[in-house]
Amino acid sequence: MFRITSIQDVNEVLSGFHHPLAQKWLGNDLIKKTIAVSYDYWIEDTNIPMSLDEFVLQYLDHADYLGEMFADD
């Protein structure tokens, strides 16, 4: 059964990381929604098992390539 990832799910993951961007992203619902939707598409399209924690960590690690919204100002 396919489960839709929520902003709250992403919020909980970000809250567990001690990364400066994670703390910044906690206050941005657009970023959290983007990550949630991207994760759902990833799971549906690839069938490659990856936890939400791992997925968010990849976003944090590659933020410089994701566009201005994700950048560390």
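Please refer to the structure placed before this passage.
In this section: the overall build of the chain. Regarding its fold elements, the chain presents 4 helices and 0 strands. The N-to-C order of helical and strand elements in the chain reads α-α-α-α. For the chain, buried positions account for 33% of its 73 residues. For the chain, the proportion of contacts with a sequence separation of at least 24, taken over those separated by at least 6, is 58%. Summing over all exposed atoms, the chain offers an accessible surface of approximately 4800 Å²; the carbon and sulfur share of this is 55%. The distance from the centre of the 4 positive side-chain charges to the centre of the 13 negative ones in the chain is 7 Å.

For the rest of this paragraph, the subject is the nonpolar core. By size, the foremost hydrophobic cluster in this structure holds 19 residues, and its most contacted members are Trp-25, Ile-35, Val-56, Leu-60 and Phe-70. Every element with two or more residues in this core is listed here: helix H1 (7–15), helix H2 (20–25), helix H3 (29–46) and helix H4 (52–61). Here this core takes 5 residues from H4, the largest share from any one element. In this structure, Phe-70 is in contact with Leu-21, Trp-25, Ile-31, Thr-34, Ile-35, Tyr-59 and Ala-63, ignoring residues within four places of it in sequence.

On to the environment of Asp-9. Here Asp-9 shows up in helix H1. As a C-alpha pair, Asp-9 and Asp-53 span 44 residues in sequence and 9.7 Å in three-dimensional space. Once you skip the residues sitting within four places of it in the chain, Asp-9 turns out to touch Arg-3, Ile-4 and Leu-52.

The end-to-end C-alpha distance of H3 is 25 Å, a good match for the 26 Å that 18 residues give at a rise of 1.5 Å each. Those residues of H3 lying buried are Ile-31, Lys-32, Ile-35, Ala-36, Tyr-39 and Asp-40. Elements that come into contact with the buried residues of H3 comprise H1, H2 and H4. One or two residues past the end of H3 sits Asn-47, with phi positive at roughly 55 degrees.

Before going further, it helps to examine the pattern of salt bridges. Inspection of the entire model under this criterion finds 1 salt bridge. Between Asp-29 and Lys-32 there is a salt bridge, with its nearest N and O atoms 3.2 Å apart. Of this pair, Asp-29 and Lys-32 both sit in helix H3, 3 residues apart, which is roughly one turn of the helix. With relative accessibility at 4%, the residue Lys-32 sits in the buried group.

What counts as what
Residues numbered from 1 in each chain as written. Predicted model: local features only at pLDDT ≥ 70, side-chain atom pairs only at ≥ 80, totals over all residues. Heavy atoms only, no water. Helix = DSSP H or I, 4+ residues; strand = E, 2+ residues; numbered from the N terminus. Buried < 20%, exposed > 50% of the residue type's maximum accessible area, 1.4 Å probe, protein only. Contact = heavy atoms within 4.5 Å. Areas by Shrake-Rupley, 256 points an atom, 1.4 Å probe, with all protein chains shown as cover. Lys, Arg positive; Asp, Glu negative; His and termini not counted. Charge placed at Lys NZ, Arg CZ, Asp CG, Glu CD. Core = buried A, V, L, I, M, F, W, Y, C linked by side-chain atoms within 4.5 Å. Expected span 1.5 Å × (residues − 1). Salt bridge = Lys/Arg side-chain N within 4 Å of Asp/Glu carboxyl O.

That is the geometry; function is a separate question.
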